[in-house]
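The residues making up each chain are set out below.
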Number of protein chains: 2
Amino acid sequence: MDYNVLFWFVPAASLLALAFAWYFYRQMKKESEGTERMVYIAEAVRKGAMAYLKQQYKVVIVVFVCLALIFAVMAYVFKIQNEWVPFAFLTGGLFSGLSGFLGMKTATYASARTANAARNSMNSGLRMAFRSGAVMGLIVVGLGLLDISVWYLILDSCIPADINNTGIKLCIITTTMLTFGMGASTQALFARVGGGIYTKAADVGADLVGKTEYNIPEDDPRNPATIADNVGDNVGDVAGMGADLYESYCGSILSSAALGAAAFAADGGAMQTKAVFAPMLIAAVGIVLSIIGIFSVRTKENADIKSLIGALSRGTNISSALIVIATFAILYLLGIENWLGLSFAVVVGLLVGIVIGRSTEYYTSQSYAPTRKVSEAGKTGPATVIISGMGLGMLSTAIPVLSVVAGIILSYLLATGFQLGAENVALGLYGIAIASVGMLSTLGITLATDAYGPIADNAGGNAEMSGLEPEVRRRTDALDSLGNTTAATGKGFAIGSAALTALALLASYIEEIRIALERTDPQGLINGKPLMEANIVDFMHHFDVTLMNPMVLCGIFIGAMMAFLFCGLTMNAVGRAAQKMVTEVRRQFSEIKGILEGKTEPDYSRCVEISTRGAQQEMVLPSLIAIAAPIVTGVVLGVPGVIGLLIGSLSSGFLLAVFLANAGGAWDNAKKYVEEGNFGGKGSDTHKATVVGDTVGDPCKDTSGPSLNILIKLMSMVAIVMAGLTLAYNIIG
Amino acid sequence: MDYNVLFWFVPAASLLALAFAWYFYRQMKKESEGTERMVYIAEAVRKGAMAYLKQQYKVVIVVFVCLALIFAVMAYVFKIQNEWVPFAFLTGGLFSGLSGFLGMKTATYASARTANAARNSMNSGLRMAFRSGAVMGLIVVGLGLLDISVWYLILDSCIPADINNTGIKLCIITTTMLTFGMGASTQALFARVGGGIYTKAADVGADLVGKTEYNIPEDDPRNPATIADNVGDNVGDVAGMGADLYESYCGSILSSAALGAAAFAADGGAMQTKAVFAPMLIAAVGIVLSIIGIFSVRTKENADIKSLIGALSRGTNISSALIVIATFAILYLLGIENWLGLSFAVVVGLLVGIVIGRSTEYYTSQSYAPTRKVSEAGKTGPATVIISGMGLGMLSTAIPVLSVVAGIILSYLLATGFQLGAENVALGLYGIAIASVGMLSTLGITLATDAYGPIADNAGGNAEMSGLEPEVRRRTDALDSLGNTTAATGKGFAIGSAALTALALLASYIEEIRIALERTDPQGLINGKPLMEANIVDFMHHFDVTLMNPMVLCGIFIGAMMAFLFCGLTMNAVGRAAQKMVTEVRRQFSEIKGILEGKTEPDYSRCVEISTRGAQQEMVLPSLIAIAAPIVTGVVLGVPGVIGLLIGSLSSGFLLAVFLANAGGAWDNAKKYVEEGNFGGKGSDTHKATVVGDTVGDPCKDTSGPSLNILIKLMSMVAIVMAGLTLAYNIIG
């Protein structure tokens, strides 16, 4: 079989994903949104969410145009940049924005319908929410893989053939494609940071005045911030999460392709092409298996919560099991060197994802001891809740780190066939990259279970605000609580994949340096070897990227600082935006008569506006700092400084992200555990103490923590795109 | 002048320090402890503190004996260790323990006397507390330098002469001396962790029941945990801080010496000896200048708080200015190569210390906007206090990191005369190390202002419990509040010096590897060069300590994790120990009749016992993990993994330490700012919200944060001592 034919499977799979996304979307739209009140509320949330996204895209477009212009100048005036970069960058941003937009549109149409379906049975509710989540999952993987295959085809036909068989053509193609990853990253950063600030400003603001001061329940229609809170779930948890994983998904495939091209550059020809195709093919098969998994999620008509969880995990388990088998088959059929080791590397990636997910669940679910201890600490007040949550979050970093470490070493060793040595480093790094592809290959379904969460959450909000019968609300609550578990594992998954992807991107940075040198100084020697023959270790020695180079050390310090600085900025941003929301909600309660009695409707749209404006203002500074840091570091400290920066932000950022996500998740569920009637139950002092923990956890787990995932990937992407600048100009390094 | 004569200045200065310490101690002891009640309370605190220290030393002795035995087996049976190591290790531990013990003894004698002196005037109180703090400062520098000079003399006379003039003798001497640093580190870790857990268990326990539940003021004699709380200040802030800085002080001098020996090994002879002497001489002169500084701290009889601050800072400023001049003179007289560049490197180190101190003050003092914003966040409850404090803490990492980065680059460039290149790396690293010596050279007086804090704090406690007149308490409060400022800058200083020292130790690790190879495989080539001719970059290339080696990457991840894990463990330890204290205090209030009316005395000693036992139990696990991590990493991942580990823990640990210390300091002072009558003042809801912040901040700033300083240094020390083992046995790396 001609292996080139296999490539067409990639765009085919991406179109298949989009077709199924369209199908699920049409199915969902056919259903009724329920009572007039339900339609009214869903409409308000939808309008608010779309209004926000429009605002956000306005800001983002300005940033994109500026950056694309800079890239164009670099490419066409200074010739320190590939001429395709401005366009690749723009499509990456466009497709990422599109998947966030479409996913969110679906989610906002689906929530009232889920609430309405839950009036029939829990199962109908689950089905509606999950299938709508699947729209998002399939759009992300479909658009991602479509962008990748179209660009591959364009570049393959435009870049001149590799006459000397040096393997350079594929190296240029794959490193150029990496830059559309930067477009996706930039879009994702704004989506995560803006959405994260929006959602938590609304949530914290609504809770502080509504719950704490006026003692009215969550999602109560009397609370002016309640629509904004529901809008926030969509713009933060749906659009933000979607853009984040779009980026990881593309990043892992692109960096694997680039490393594959590098590892087999010497072979040139067939083997190199196969190494580039392999990650794309695994992803393509993953799409088909995700669709199978999605269809396998079904339960009996009147299933309880336990069998619902069972149904969801059955779907992802089936997809995961099948992708393992498929990977062995694909790599064997491709006839890639050491196919067995690489297949096992994919298995390692999947296992790491599962272990991190499980560990997240253990540390953040009220079914286990750690979170219950946080609840118990509430008996001695809010301070001990915070201390024990922080302690828990810090301890919870151990398993994810150790499993990522094990994943790195194992996938590296498996890919190299346990042969360490400078000549095998590229192959080993390819193994790490392909492990991250394995982890993300079934993203179609894992993202579906993820996006399910906020849809169920909003369905609950809609049911509450529309005053549906208690039985329906009980059902939507159960669906929502199931969503909390999937959201927690999804977050662990997002962090784990970000770490592996960032590592793969870091390795791709060296390849970008190679190609940049090829453009500007093709005769230069690297560690005494010709450019295209030098291996990665030669590059590291040539630029002295060792841990005793002060530039590297300083880069690592600055990178670690970036993670903390970025978190601090986003956390303060939530604080400021929430403050404005608090003031507005208080104003409405005191100025608009009859709100608290439910006689007058509060001015929801003012609150939506405040959150929107707050998020827009606050997202710019941290985002610009993230983009500027690798550029400035590169110009001042050179290549060693940039690599140090990336490693520093990756290591500290990963740890900080896990810490914040798990502490936040545990605080949330510790409160839920008390609400379930433990340690005094709702309204007790212990409950009040855990509510404080929950509020503190909000920006940790939904703004700062998840934004870090993107920070570490975006900084790598910026470094890659700016490699030419770093080489051309630098002060000390 | 024969430069060898200059060496005798080092032991002379150390004896001078000890003599003045003795003088200040005698002067203090002459004063009266005040009323019978004051004597009684001081006695109780002293007994509790001594009882705790005895308990702690019992545990520590077991650990030391075990470790010394292991080193002995390594040295005499397996021959993978220098034969002097077990003894050097033990003296390091002994001297560090001794300085903690003597400093704390002085502090516990001084607090009642300070309260009594404050009955005369504020100035007398300041003088008493500060001179007693100076005892601690001078003991630390005196014993440190004494240990260094005695070992130098012993090794110089016992190690055979360097016949081939390869410079190896001094390399062996200096790397052997590093191992007494590990003794000091181990002792310091137990002191910081144990003391930190003790003090915060007592403090949090006392606050949660006394202040929050029973609404009785701080240090009220009716609170059963109040004596334990005062004991805690001594064992945590005096003994713990002393041991920490003893370790940084010795570590910076020893690592400079080792790097000096390495940088000038090729020259052999005179220049190498001069490079080894230089840091010792700077430290020796620093002692004399510290004593001058201490004597210059004096104010008019009835000075206000502002002139008291002025007096304290005048002392440190005079010492710092003089050490700058002295350094230029010493290095010029020594005739060391590039004396001018190295002198400027010392200035850089001093400046970095000052900038970090100032930035700490800015972020944690209620005189500035950041902390006031945390107070203001209290208007919307405890959750926003926590969020804004966390945001502040994270943002506050930027200035310290950037100044350390600037310090690294500048001192490196200055030392090498702006000549980058592999052959100059050792010289550059020597420059960084000597910058850290500059920062710590005036430790005699900076530690005096530091130790002043807890003495003044205890004096306030004594005045409160003894029911002295309100005017006296007003004075001790003012002295205490001054102590908070000095403590905050002291903490910033401790963190900054730990970062630079750890970096210098990291570089010394390579020298230790060289010597270990010299012992086991003297003919082996490093990157193609003979062992003694290979420079540091050769070693990095030989072991492939580049950022693309997966062992290095995994080491970095594990190192970062160590920082978080260690913090999580210590934070949970405080939580658990405080819980026990809460239960005990509640029990006493309910079971012992008449406590709250002040008719019966509570059972103070039970609380002291509980804190002691809690600290003893809880300090073992985190300490053992810290010691085990570099050993296990070395055995599994080899030299590249260990270096990665050290860098990972250094970068993440530094950031985390600054974050926790500054967030904690800001929460503390945000509460004070409200108590000063802002945003509703004492007893308001805002005040209650900030009290929650203060309680959360306690373990952050006094247990987990400062323990990280030692963690990063101890792990480097363990790596250095275990270098032989890592080389002899490792699995993957």
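Since we're looking at a predicted model, the values are computed, not measured.

**Student:** What am I meant to see in the overall build of chain A here?
**Tutor:** Regarding its fold elements, chain A presents 21 helices and two strands. Taking 733 residues into account, the globule formula puts the C-alpha radius of gyration at 27 Å, and chain A, at 25 Å, falls close to it. For the C-alpha atoms alone, the extent of chain A along its principal axes is close to 80 × 55 × 45 Å. The burial tally for chain A puts 70% of its 733 residues in the buried class. The contacts in chain A between residues at least 6 apart in sequence include a share of 83% that link residues at least 24 apart. Accessible surface computed for chain A: about 21,700 Å², of which carbon and sulfur atoms make up 61%.

**Student:** So what exactly am I meant to see when it comes to the interface of chain B and chain A here?
**Tutor:** When the parts come together, some accessible area is lost, and that loss is often what is quoted as the size of the interface. Taken together, the contact between chain B and chain A spans 75 residues of the former and 75 residues of the latter. When chain B packs against chain A, the two sides together hide about 6,700 Å² of surface, and 86% of this comes from carbon and sulfur. For the interface between chain B and chain A, the tally reads zero salt bridges. Applying the counting rule to chain B against chain A returns three residue pairs in polar contact (both at pLDDT 80 or more). In terms of residue count, the dominant contributor to the side of chain B that touches chain A is helix α18 (residues 550–591) of chain B (19 residues).

**Student:** So what exactly am I meant to see when it comes to the relation of the copies chain B and chain A here?
**Tutor:** Mapping chain B onto chain A calls for a rotation angle of 180° and an axial translation of 0.0 Å; the resulting RMSD is 0.0 Å. Both copies of the chain, as the preceding transformation shows, are related through a two-fold rotation axis. Across chain B, the smallest distance between a C-alpha and the rotation axis is recorded for B:T546, namely 2.1 Å. Comparing interface residues between copies, 100% of those in chain B also sit at the interface in chain A, which points to an isologous, same-surface contact.

**Student:** Please explain helix α5 (residues 122–158) of chain B as it appears in this structure.
**Tutor:** Think of an α-helix as turning once every 3.6 residues; residues three or four places apart then point the same way. Spanning 37 residues, α5(B) covers 54 Å between terminal C-alpha atoms, matching the ideal 54 Å at 1.5 Å per step. Within α5(B), 30 of the 37 residues are buried, which leaves the element mostly enclosed by the surrounding structure.

**Student:** I keep staring at the pattern of salt bridges and nothing clicks. Help me out?
**Tutor:** Once their charged atoms are close, side chains differing in charge can pair, the charge on each being opposite to the other. All names here are of chain A. In the structure shown here, the tally under the stated rule is 60 salt bridges over all chains. A salt bridge links E33 to R113; the nearest nitrogen and oxygen atoms lie 3.6 Å apart. One end of the pair, E33, is in the loop between α2 (9–30) and α3 (36–77); the other, R113, is in helix α4 (residues 85–118), and 80 residues separate them in sequence. A residue is classified by how much of its surface remains accessible, and R113, at 7% relative accessible area, is buried. Note that E584 is salt-bridged to R587, the shortest N-O span being 2.9 Å. Residue E584 and its partner R587 are located together in helix α18 (residues 550–591), separated by three residues, close to a single helical turn. R587 gets classed as partly exposed once you look at its relative accessible area, which sits at 29%. Put simply, K200, D203, D668, K672, D698, K701 and D702 are held in one network by salt bridges that share partners.

**Student:** In this structure, what is going on with unusual backbone geometry? I would like to understand it.
**Tutor:** Trans is the prevailing form of peptide bonds, just as negative phi is the prevailing case for residues other than glycine. Residue and element names in this part refer to chain A. One non-glycine residue, K79, adopts positive backbone phi at about 55°. Mapped onto the secondary structure, K79 falls in the loop between α3 and α4. The backbone phi angle of N215 is positive, close to 60°, even though this residue is not glycine. Tracing the backbone through its elements, the reader meets N215 in the loop between α6 (168–213) and α7 (226–263). We classify N215 as exposed; its relative accessible area is 67%.

**Student:** Hey, could you run me through the packing of helix α19 (residues 604–675) of chain B against helix α20 (residues 685–721) of chain B in this one?
**Tutor:** When two helices pack together, their arrangement is given by the angle between their axes and by how far apart the axes lie. All names here are of chain B. Direction vectors running N to C along α19 and α20 enclose 155°, while the axes themselves pass 6 Å from each other. Taken together, the axis directions place α19 and α20 in an arrangement best described as roughly antiparallel. Like other packed secondary-structure pairs, α19 and α20 cross with a definite hand, here left-handed. A class-by-class count of the residues in the contact of α19 with α20 yields 26 nonpolar, 13 polar and five charged.

**Student:** Would you explain the packing of aromatic side chains in this entry?
**Tutor:** Any two aromatic rings considered together are summarised by their centre-to-centre distance and by the angle between their planes. Summed over all chains, the structure comprises 47 aromatic pairs over all chains. Ring centres 5.9 Å apart and planes at 75° place the aromatic pair B:F7 and B:W8 in the edge-to-face group. Judged by relative accessible area, B:W8 falls into the exposed class, the value being 52%. Seen in terms of ring centroids, B:F7 and B:Y152 are 5.0 Å apart; in terms of plane orientation they differ by 40°. Their pairing is tilted. Taken together, the residues B:F7 in helix α1 (residues 3–7) and B:Y152 in helix α5 connect sequence positions 145 residues apart. B:F7 sits in the buried class, given a relative accessible area of 4%. B:Y152 gets classed as buried once you look at its relative accessible area, which sits at 5%. For the cation-ring pair, A:K29 lies above A:Y109, with the distance from its terminal atom to the ring centre recorded as 4.1 Å.

**Student:** Please explain the confidence of the model for chain A as it appears in this structure.
**Tutor:** In regions of low pLDDT, the predicted coordinates are not meant to be interpreted in detail. All names here are of chain A. On average, residues of chain A carry a pLDDT of 90, and 99% of them reach 70 or more. Per-element confidence in chain A ranges from a low mean pLDDT of 82 for helix α1 (residues 3–6) to a high of 96 for α2. Here the complex is predicted with pTM 0.94, and the ipTM for its interfaces comes to 0.94.

**Student:** Teacher, can you tell me more about the environment of A:I731 here?
**Tutor:** Residues and elements named next belong to chain A. Mapped onto the secondary structure, I731 falls in the segment after α21 (723–728). A residue is classified by how much of its surface remains accessible, and I731, at 63% relative accessible area, is exposed. A C-alpha to C-alpha distance of 48 Å links I731 and I330, two positions 401 residues apart in sequence. Not counting chain neighbours up to four residues away, the residues in contact with I731 comprise V635 and V636.

**Student:** Even after reading the chapter, I still don't get a nonpolar patch on the surface, so can you show me in this structure?
**Tutor:** Residues and elements named next belong to chain A. Among the surface-exposed residues, V73, Y76, V77, F78, F87 and Y729 lie close enough to one another that they form a single nonpolar patch of about 610 Å² accessible area. No other element matches α3, which puts three residues into the nonpolar patch. Position of F87 relative to the elements: it lies in helix α4. Look at F87 and you get partly exposed, because its relative accessible area is 44%.

**Student:** Even after reading the chapter, I still don't get the side chain of B:T179, so can you show me in this structure?
**Tutor:** Residue and element names in this part refer to chain B. Examined against the element boundaries, T179 turns out to sit in helix α6 (residues 168–213). Residue classification places T179 among the buried positions, given a relative accessible area of 1%. If sequence neighbours within four positions are ignored, T179 has contacts with V85, A88, F89 and V721.

**Student:** Which parts of the structure should I look at to understand the packing of helix α8 (residues 269–295) of chain A against helix α14 (residues 425–440) of chain A?
**Tutor:** Residue and element names in this part refer to chain A. For the pair α8 and α14, the least separation of the axes is 9 Å and the interaxial angle reads 20°. The angle between α8 and α14 places the two elements in the roughly parallel class. In terms of crossing hand, the pair formed by α8 and α14 is right-handed. Counting all contacts with α8, which are made through A275, A278, P279 and I282, the residues of α14 involved are Y430, I434 and V437.

**Student:** Where do I start with the side chain of B:D233 in this structure?
**Tutor:** Residue and element names in this part refer to chain B. With respect to the helices and strands, the residue D233 is situated in helix α7 (residues 226–263). Despite its burial, D233 remains without a salt bridge, the nearest opposite charge being carried by K200 at 5.5 Å. Those residues in contact with D233 that lie beyond four places of it in its chain are T199, V238, P454, D457 and N458.

About the criteria used
- Residues numbered from 1 in each chain as written.
- Chains lettered and ligands numbered in written order.
- Predicted model: local features only at pLDDT ≥ 70, side-chain atom pairs only at ≥ 80, totals over all residues.
- Heavy atoms only, no water.
- Helix = DSSP H or I, 4+ residues; strand = E, 2+ residues; numbered from the N terminus.
- Rg over C-alpha atoms; globule rule 2.2 N^0.38 Å.
- Buried < 20%, exposed > 50% of the residue type's maximum accessible area, 1.4 Å probe, protein only.
- Contact = heavy atoms within 4.5 Å.
- Areas by Shrake-Rupley, 256 points an atom, 1.4 Å probe, with all protein chains shown as cover.
- Buried area = accessible area lost by both parts, 1.4 Å probe.
- Salt bridge = Lys/Arg side-chain N within 4 Å of Asp/Glu carboxyl O.
- Polar contact = N/O pair within 3.5 Å; in protein donor to acceptor, adjacent residues only side chain to side chain.
- Least-squares fit on C-alpha atoms with pLDDT ≥ 70 in both.
- Expected span 1.5 Å × (residues − 1).
- Axes fitted to C-alpha atoms, helices over the stretch in contact; angles between N-to-C directions.
- Parallel < 35°, antiparallel > 145°, perpendicular 65-115°, else oblique.
- Left-handed = near helix turned anticlockwise from the far one by under 90°.
- Nonpolar A, V, L, I, M, F, W, Y, C, P; charged D, E, K, R; others polar.
- Phe/Tyr/Trp six-rings, centres within 6.5 Å; stacked < 30°, edge-to-face > 60°.
- Lys NZ or Arg CZ within 6 Å of the ring centre and 35° of its normal.
- pLDDT = per-residue confidence, 0-100.
- Patch = residues over 30% accessible without salt bridge, like charges linked within 9 Å, V, L, I, M, F, W, Y side chains within 5 Å.
- Lys, Arg positive; Asp, Glu negative; His and termini not counted.

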